[in-house]
Amino acid sequence: MRIAVRTPKSATRKSRTTVLLTSLVTLLGLLALAPAPAQARAEPPGALATGLHISNGRLLEGNGSDFVMRGVNHAHTWYPTQTQSLRDVKALGANTVRVVLADGHRWTRNTADDVAAVVAQCKANRLICVLEVHDATGYGEDAAAGTLDQAADYWIGLKSVLAGQEDYVVINIANEPWGNTDPAGWTAPTIAAVRKLRAAGLQHTIMVDAPNWGQDWQGVMRANARSVYDADTTGNLIFSIHMYSVYDTAAEITDYLNAFVTAKLPILIGEFGGPADQYGDPDEDTMMGAAQQLKLGYLAWSWSGNTDPALDLSIGFDPKQLSAWGRRVFNGANGIAQTSREATVYGGGTGTDTQAPTAPGTPAASGTTPTSTTLTWAAATDNVGVAGYDVVRVSGATETTAAASTTNTVTVTGLTAATSYSFAVYARDAAGNRSPRSATVNVTTSPGGGTPGVSCSVAYRVVGDWQGGFQGDITLRNTGTAALTNWTLGFSFPSGQTINNMWGGTPTQSGAGVSVVPAPYTATIPAAGSVSVGFVGAKGATNAAPTSFTLNGTACTAA
């Protein structure tokens, strides 16, 4: 979705005047999606083609193995020198990357040689490669946008480098190829583009994005999904919904996804965001949880380089500096490290690797606080390679997942003060083989409030401003030797600014004074680590930065 600058949210948010229309379209969409009970569809001949393909509403590999995308978006066309990014997202556990390309209408065209190199990098890093054209973003509302037909011509021009890559490449015709102006106009050009690609002989699985800047809040893709799917003579087509602030309730998310699953129409969350903005707070926990429950793919936006840094998964393309959003996507519940399985074409899943890793060493606890503890263990070994670790809380014969990590250390958060816990660790490889469980370690959290000793620095910056408002970002760095938890950040605005909403923390403001407590995913600041909170606020004629900050009552240095 979000180009280098984010699509204006005014173009994506539901208005009061559309609620009735949306309800009607939703009802029609349910009817259109529902399969005819007396006329079960036979799989078209192309559905069993070599390579990634669709069967019975599922994305499968050439050998018939189910493939569930777990990955991120990467803005290659604007950052062509960041070639290490594919290696970095793979190291963090991703099995797929969606790569931003340009067809030359709006941004510099990615050449056939460049696209061939991207595909080669995906394969070298054992990633499935979703290639998308970004120039059509917001067509009909954004005057600079290209058309679906132009995007289709671009893919046809790349046939020589894409042919034979059906095991590794999905063609996403165009990113968010329709805005909010007459979104019903999306259907016919989408069908025409699909037919044009098939007529040209491209056999890859095709992905199509929804209108309404990808979010389909008026239900056009939902209502017309069956007709679009039927237009593909091979049956190898998957729908992509982009979920941002329109999807701020669990009901909206599960209702939309379940409608496609019930109709056996393939779908994934091709983009999604978690940080709140002035238009709403996306429910990323439900997005990721529902995708895992329904075995649907998801691709988070985006690795790095956004002019809205709240959506950067990594800070400055550095995999060692994940943002709070990045930690949530990679290492949180239902995250990439916990749920991703490598494609069998690379030896993952149900492929030839059947040997499980050895058991990890007994974990040792350190930096235990009232609500968290850091666990470290001796690494497991594997005949191919260890892909990650699952930390479980053990209570008698019951195990509960507590955390996931791609390294041999993790901080478990969300614990209760003065409470005893028992933890153990499993290792897993890319093929999904799981090791024997490690021995357990018993940990008792300390009583009381947050970490008493604080050594910190704070960096404050204005990301962007406009008449009457602005967006800010605050990075809190723990410069001490022990993890900080249950922190409270304090500062005062010097120019009468007020915070409207915040992600990464919860603000309380009284006059100029602001107090911020963390969100669950920013609750712990590791030693020598940092967390970030972002916000949207209101301002007057001036917008001077705060001059001093405290963390748990201790003054922090400026960074």
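What comes next concerns the included structure. Predicted model only: the values in this text are computed from it and were never measured.

**Observations regarding the overall build of the chain**
Item 1. Check the secondary structure of the chain and you find eleven helices and 30 strands.
Item 2. Buried residues in the chain amount to 56% of all 559 residues.
Item 3. Sequence-distant contacts, at least 24 apart, represent 74% of the contacts inside the chain between residues at least 6 apart.
Item 4. Accessible surface computed for the chain: about 20,700 Å², of which carbon and sulfur atoms make up 54%.

**Details of the layout of surface pockets**
Item 1. Put simply, the largest pocket is a space of about 1,500 Å³.
Item 2. Looking at the lining of the largest pocket, the element that brings in the most residues is strand β16 (residues 398–405), giving five residues.
Item 3. Looking at the lining of the largest pocket residue by residue, the class counts come to 20 nonpolar, 19 polar and seven charged.

**So, the state of the cysteines**
Item 1. Counted by the stated rule, this structure contains two disulfides.
Item 2. Across a sulfur-sulfur distance of 2.5 Å, Cys122 and Cys129 are joined as a disulfide pair. Its S-S torsion of approximately 50° makes the covalent link between Cys122 and Cys129 right-handed.
Item 3. For Cys129, a relative accessible area of 1% gives the class buried.
Item 4. Here Cys456 pairs with Cys556 through a disulfide, and the sulfurs are 1.9 Å apart. Since a negative S-S torsion denotes a left-handed disulfide, the Cys456-Cys556 link at about -90° is left-handed. Placement of Cys456 in strand β20 (residues 456–466) and of Cys556 in strand β30 (residues 554–558) is noted, with a sequence separation of 100 residues between them. By the burial criterion, Cys456 is buried, and Cys556 matches it.
Item 5. Bonded cysteines in the chain are paired 1-2, 3-4 when counted in the order they occur along the chain.

**Some thoughts on empty space enclosed by the protein**
Item 1. All told, the structure shown has two cavities of 30 Å³ or more when counted by the stated rule.
Item 2. Roughly 50 Å³ of volume is contained in the largest cavity.
Item 3. Surrounding the largest cavity, His74, His76, Pro80, Gln82, Thr83, Leu86, Val99, Val118 and Gln121 form its lining.
Item 4. Looking at the second largest cavity, its volume works out to about 40 Å³.
Item 5. In this structure, the second largest cavity is lined by Leu148, Asn172, Ile173, Ala174, Pro177, Trp186, Thr190, Met207, Val208 and Asp209.
Item 6. The element best represented in the lining of the second largest cavity is strand β7 (residues 206–209), accounting for three residues.
Item 7. The class makeup of the residues in the lining of the second largest cavity is seven nonpolar, two polar and one charged.

**Points about the sheet that holds strand β29 (residues 549–551)**
Item 1. Taken together, nine strands build an open sheet; the order of strands is β24-β28-β21-β20-β30-β29-β23-β26-β25 and the sheet is mixed. Each edge of the sheet is formed by a strand with only one pairing partner; in this case those strands are β24 (498–503) and β25 (505–510). Recorded for the sheet is a direction-independent mean angle of 30° between the axes of neighbouring strands.
Item 2. Strand direction decides the pairing type here: β25 and strand β26 (residues 513–518), joined by six bridges, are antiparallel. Bridging across to β26, Thr508 finds its partner in Ser515.

**What about helix α8 (residues 250–262)?**
Item 1. For α8, which comprises 13 residues, the first-to-last C-alpha distance of 18 Å matches the rise-based estimate of 18 Å (1.5 Å per residue) to within 8%.
Item 2. Among the residues making up α8, those that are buried are Ile253, Tyr256, Leu257, Ala259 and Phe260. The buried residues of α8 occupy an angular sector of 150° when projected down its axis, which confines them to one face. In α8, the exposed positions that point more than 90 degrees away from the buried face belong to Ala251 and Thr262.
Item 3. Where α8 ends, the next residue or the one after it, Lys264, has phi of about 55°, a positive value.

**As for the sheet that holds strand β13 (residues 364–366)**
Item 1. One open sheet holds the three strands; their spatial order is β13-β14-β17, and the pairing between them is antiparallel. Looking at which strands have only one partner, the edges of the open sheet turn out to be β13 and β17 (409–412). On average, each strand axis in the sheet is inclined to that of its neighbour by 30°, with strand direction left out of account.

**Overview of the packing of aromatic side chains**
Item 1. Evaluation of the coordinates by the stated rule reveals 20 aromatic pairs.
Item 2. For the pair Phe491 and Phe549, a centre-to-centre distance of 5.3 Å together with 50° between the ring planes defines the contact as tilted. A residue pair is termed long-range when its members are at least 10 positions apart, and Phe491 in strand β23 (residues 489–492) and Phe549 in strand β29 qualify at 58 residues.
Item 3. Taken together through their ring pairs, the aromatic side chains of Tyr460, Phe470, Phe491, Phe493, Phe535 and Phe549 make up a single cluster.
Item 4. Sitting above the plane of the Tyr168 ring, Lys123 keeps its charged end 4.4 Å from the centroid.
Item 5. Note that Arg434 overlies the ring of Tyr426, its terminal NZ or CZ placed 3.7 Å from the centroid.

Basis of the calculations
- Residues numbered from 1 in each chain as written.
- Predicted model: local features only at pLDDT ≥ 70, side-chain atom pairs only at ≥ 80, totals over all residues.
- Heavy atoms only, no water.
- Helix = DSSP H or I, 4+ residues; strand = E, 2+ residues; numbered from the N terminus.
- Buried < 20%, exposed > 50% of the residue type's maximum accessible area, 1.4 Å probe, protein only.
- Contact = heavy atoms within 4.5 Å.
- Areas by Shrake-Rupley, 256 points an atom, 1.4 Å probe, with all protein chains shown as cover.
- 1 Å grid on protein atoms, 1.4 Å probe; cavity = no way out; pocket = protein on both sides within 12 Å on 5 of 7 lines; lining within 4 Å.
- Points joined across faces, edges and corners; volume = space filled by probe spheres on them.
- Nonpolar A, V, L, I, M, F, W, Y, C, P; charged D, E, K, R; others polar.
- Disulfide = S-S within 2.5 Å.
- Pairing = 2+ DSSP bridges.
- Axes fitted to C-alpha atoms, helices over the stretch in contact; angles between N-to-C directions.
- Expected span 1.5 Å × (residues − 1).
- Arc of directions from axis to C-beta.
- Phe/Tyr/Trp six-rings, centres within 6.5 Å; stacked < 30°, edge-to-face > 60°.
- Lys NZ or Arg CZ within 6 Å of the ring centre and 35° of its normal.

Such coordinate-based values are descriptive only and should not be taken to indicate function.
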